[in-house]
Amino acid sequence: QVQLVESGGGLVQAGGSLRLSCAASGRTFSAYDMGWFRQAPGKEREFVARMTWRGGSSYYSDSVKGRFTISRDSAKNTGYLQMDDLKPEDTAVYYCAARLGSIAPWNYWGQGTQVTVSS
C-alpha cells in the first residue's frame, strides 16, 4: 500500500507557473510508476503525465506537452509536476496516482489539489 498527498495547487494567472507535489508514504514509492491526472468540472478525469518507476521515461498528453514536466525524488518519496505557461483550460482538480508496474491499473490515488488559471 502507498498513500499519496498532493499539494501546491492554487490560483494563478494565465501564463504563470505552479509546481504540484505528491508526497508518498507507506511502501517504497520508488517501486511504483507515478502519474498525474486531472478532472475539470463536468468532464471525465484525464491523463496528464506519467513517469516509470525507474524515472527513465516520461509521457505527456498532447495538451500539456512542452509546458508541464513530471519528475520525482525517490530519496524524498515525492513526485512533482512543474506546470508552466498555464492556460485557463488547465483549470481542474489534479490528482497524483501510483501503480506497481507499467501495465498495472492505477490503484493508488491522492485526494486531489485544485488548480485555477484565470484569464
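Quick look at the structure, then. Please read these numbers as outputs of a predicted model, since none were measured by experiment.

Reading the values: rules and limits
Residues numbered from 1 in each chain as written. Predicted model: local features only at pLDDT ≥ 70, side-chain atom pairs only at ≥ 80, totals over all residues. Heavy atoms only, no water. Helix = DSSP H or I, 4+ residues; strand = E, 2+ residues; numbered from the N terminus. Rg over C-alpha atoms; globule rule 2.2 N^0.38 Å. Buried < 20%, exposed > 50% of the residue type's maximum accessible area, 1.4 Å probe, protein only. Contact = heavy atoms within 4.5 Å. Core = buried A, V, L, I, M, F, W, Y, C linked by side-chain atoms within 4.5 Å. Polar contact = N/O pair within 3.5 Å; in protein donor to acceptor, adjacent residues only side chain to side chain. Pairing = 2+ DSSP bridges. Axes fitted to C-alpha atoms, helices over the stretch in contact; angles between N-to-C directions.

## Some points on the overall build of the protein
The helix and strand tally for the protein stands at zero helices and eleven strands. For 119 residues, the compact-globule estimate of 2.2 N^0.38 gives 14 Å, and the protein sits close to it at 13 Å. Seen through its C-alpha atoms, the protein measures out along the principal axes to roughly 40 × 25 × 25 Å. Relative to its full complement of 119 residues, the protein shows a buried share of 43%. Put simply, 55% of the contacts in the protein that link residues at least 6 apart link residues at least 24 apart.

## Things to note about the nonpolar core
With 27 residues, the main nonpolar core has Leu-4, Trp-36, Val-48, Phe-68, Leu-81, Met-83 and Tyr-94 as its most contacted residues. Not counting residues within four places of it along the chain, the set of residues in contact with Met-83 comprises Gly-16, Ser-17, Leu-18, Leu-20, Arg-67, Phe-68, Tyr-94 and Val-115.

## Side note on the side chain of Thr-78
On the secondary structure map, Thr-78 appears in strand S8 (residues 78-83). On the accessibility criterion, Thr-78 (11% relative accessible area) is buried. Within the structure, Thr-78 has its side chain in polar contact with the backbone oxygen of Lys-76 (distance 2.9 Å).

## Focus on the sheet that holds strand S7 (residues 68-73)
On the basis of which strands lie adjacent, the open sheet formed by four strands has the order S1-S3-S8-S7 and antiparallel pairing. Of all strands in the sheet, those bounded by a partner on one side alone are strand S1 (2-7) and S7. Ignoring which end each strand starts from, the neighbouring axes of this sheet average 20° apart. With six bridges joining them, strand S3 (residues 18-26) and S8 adopt antiparallel strand pairing. What sits directly across from Arg-19, in S8, is Gln-82.

## Comments concerning unusual backbone geometry
Of note, the phi angle at Asn-77 is positive, near 55°, even though the residue is not glycine. Tracing the chain through its elements places Asn-77 in the loop between S7 and S8. Phi is positive for Asp-85, which is not a glycine, with a value near 50°. Turning to its location among the elements, Asp-85 is positioned in the loop between S8 and strand S9 (92-99).

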